[in-house]
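Fold and contact review
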Amino acid sequence: MYDMPHVRGTLTPHRPLADLTWMRVGGPAEMLFQPADADDLSAFLAALDPSVPVFPMGVGSNLIVRDGGIPGVVIRLGRGFNAITIQGDRVTAGAAALDVHVARRAAEAGLDLTFLRTIPGTIGGAVRMNAGCYGAYVADVLISVTVVLRDGTIAELTPDDLQLAYRQSQLPEGAVILAATFKAPSDDPEALAARMEDQLAKRDASQPTKDRTAGSTFRNPAGFSSTGRADDTHEMKAWAVIDAAGMRGAVLGGAMINTKHSNFLTNAGGATAADLEDLGELVRKKVYDSQGITLQWEIMRVGVRTGDPTAD
């Protein structure tokens, strides 16, 4: 165990993480840190041995923690990091603010961040992954991001700094997002509320929202999200190439490729992280063997596989 700096927040050694992820799998954090505020986090990172790895974790909605757990320090931001403020057309949200709450608050103020309504997780994760749906992405509206760098420095980053692309960003190694500011287009609050209800209905009709999943498993090979429009093409969608490989409904241990939507890897009951990751890798192999397409994981997999100390 590493020497831990003094903190005002909470440090918990060997904290199980399964109950903090949507998949409900995985081993413990070597150390879980829940900072009291930004200054607490900054001072902690400044004092922490630079060789100690850190992993910022949101609500675990797009994450598989491997069965051997996560070495180093897992940082989880709580209520002190979920404020939402609106000034004119600018919406600033703490990294721990839920995407759905940000979409709702913005809509009430007549600002359109409706694409966030159906995205699970927090603003920190949405920025890190350049989350998007219905043809809109974080990159379209992001103005700036406040982060704590690994050395404890608090910095402002621009979208150019992050090099946002489809489902990815170039966040500095070890950096923790504190907040993000968006410039949102204006619209009628009632129209925005109706749009979000329509998006929600479409999602619930097509996705297994009541099953234990971590959202979309693989990035669309086409390189963009579904638009939700009538002219949306299904060519090169992840679910379509998985279906073409005959993997809808495939099972490995307690893991299953969902029968309602085949781009949703599912804990059907009693799955281990290895079951889920191995089934995902089998899907990738079958898709490549049958169609020559290499699927890229959208779900983040972190930690050590049981019995494999060399895993990342």
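Heads up: the structure comes first, above all this text.
Our subject in this report is the structure included herewith.

Parameters and conventions
- Sequence order sets the numbering: in each chain, residues are counted from 1 along the sequence as written.
- Only residues with pLDDT of at least 70 are given local features in this predicted model, and only at 80 or more are side-chain atom pairs given and counted; all residues enter the totals for whole chains, interfaces and linings.
- Side-chain metrics in this entry use all non-hydrogen atoms of the structure; hydrogen atoms and water are not considered.
- Salt bridges are defined as contacts in which a side-chain nitrogen from Lys or Arg sits within 4 Å of a carboxyl oxygen from Asp or Glu.
- The secondary structure listing takes helices from DSSP runs of H or I that are at least 4 residues long and strands from runs of E that are at least 2 residues long, numbered from the N terminus.
- Here a polar contact means two N or O atoms within 3.5 Å. Within protein one must be a hydrogen donor candidate and the other an acceptor candidate, and residues neighboring in sequence count only if both atoms are side-chain atoms.
- In what follows, residue pairs with any heavy atoms lying within 4.5 Å of each other are defined as contacts.
- The convention used is that axes are lines fitted to C-alpha atoms, helices contributing only their stretch in contact, and that angles between N-to-C directions extend from 0 to 180 degrees.
- Roughly parallel covers angles under 35 degrees, roughly antiparallel covers those over 145, roughly perpendicular covers 65 to 115, and oblique covers all other angles.
- Note on residue classes: Ala, Val, Leu, Ile, Met, Phe, Trp, Tyr, Cys and Pro are nonpolar, Asp, Glu, Lys and Arg are charged, and everything else, Gly too, is polar.
- The span one expects for a helix is its residue count, reduced by one, times 1.5 Å.
- Each residue gets one of three labels from its accessible area relative to the maximum for its type: buried under 20%, exposed over 50%, partly exposed in between, using a 1.4 Å probe on protein chains only.
- Only when DSSP finds a minimum of two bridges between them are two strands counted as paired.
- With a 1 Å grid laid over protein atoms only, a set of points is called a cavity when a 1.4 Å probe fits there but cannot get out and a pocket when it is open yet has protein on both sides within 12 Å along at least five of seven lines; lining residues have an atom within 4 Å of a point.
- Grid points are joined across faces, edges and corners, and a volume is the space filled by probe spheres set on the points.

1. Examining the pattern of salt bridges
Scanning all chains against the criterion turns up 14 salt bridges. The salt bridge partner of Asp37 is Arg8, with a shortest N-O separation of 2.8 Å. Of the two residues, Asp37 is situated in the loop between strand S2 (28-34) and helix H1 (38-47) and Arg8 in the segment before strand S1 (10-16); the sequence distance between them amounts to 29 residues. When the shortest N-O distance is used, the salt bridge between Lys285 and Asp289 registers 2.7 Å. One end of the pair, Lys285, and the other, Asp289, are both in helix H8 (residues 273-291), 4 residues apart, so they sit about a helical turn from each other. Where salt bridges share partners, they join Arg66, Glu277, Asp278, Arg301 and Arg305 into one cluster.

2. Digging into the side chain of Asn263
Inspection of the secondary structure assignment puts Asn263 in the loop between strand S14 (255-257) and strand S15 (265-267). Only 3.0 Å separates the side chain of Asn263 from the backbone oxygen of Phe218, close enough to count as a polar contact. Residues in contact with Asn263, not counting those within four places in the same chain, are Gly215, Ser216, Thr217, Phe218, Ala238, Trp239 and Ile242.

3. Details of the packing of helix H2 (residues 99-108) against helix H6 (residues 189-206)
H6 packs onto H2 with a crossing angle of 150 degrees between their chain directions and a minimal axis gap of 8 Å. Taken together, the axis directions place H2 and H6 in an arrangement best described as roughly antiparallel. Counted together, Ala103, Arg104, Ala107 and Glu108 of H2 and Pro189, Leu192 and Met196 of H6 form the full contact between these two elements. Considered class by class, the residues forming the contact of H2 with H6 number 5 nonpolar, no polar and 2 charged.

4. Comments concerning H8
Between its first and last C-alpha atoms H8 spans 27 Å; for 19 residues at 1.5 Å apiece the expected length is 27 Å, and the two agree. All of the buried residues in H8 are Ala273, Asp275, Leu276, Glu277, Leu279, Gly280, Val283 and Val287. Its buried side turned inward, H8 meets strand S4 (63-65), helix H7 (238-244), strand S13 (251-252), S14, S15 and strand S16 (300-302). Backbone geometry just downstream of H8 places Gly292 in the positive-phi region, at approximately 70 degrees.

5. Examining the pairing of strand S10 (residues 142-148)
In terms of burial, S10 is a largely internal element, 6 of the 7 residues being buried. Judged from the 6 bridges that link them, S10 and strand S12 (residues 176-183) form a sheet pairing that is antiparallel. Across the sheet, Val145 pairs through a bridge with Ala180, a residue of S12. In the sheet, S10 pairs with strand S11 (residues 154-157) via 4 bridges, with the strands oriented antiparallel. Bridge pairing in S11 links Val147 to Ala155. Linking S10 to S11, which pair antiparallel, is a turn of 5 residues; within it Gly152 sits at a positive phi near 95 degrees.

6. A closer look at the environment of Val7
Along the polypeptide, Val7 turns up in the segment before S1. Given a relative accessible area of 13%, Val7 falls into the buried group. Counting along the chain gives 26 residues from Val7 to Phe33, while the straight-line C-alpha distance between them is 9.0 Å. Look past the residues within four positions of Val7 in its chain and what remains in contact with it is Phe33, Asp40 and Phe44.

7. Here we look at the layout of surface pockets
When its volume is computed, the second largest pocket comes out at roughly 800 Å³. As for the second largest pocket, its lining consists of 31 residues, and the residues nearest its centre are Phe55, Arg128, Glu173, Met300 and Val302. Only strand S3 (54-57), strand S5 (70-76) and S16 provide two or more residues apiece to the lining of the second largest pocket. In terms of residue class, the lining of the second largest pocket is made up of 16 nonpolar, 6 polar and 9 charged.

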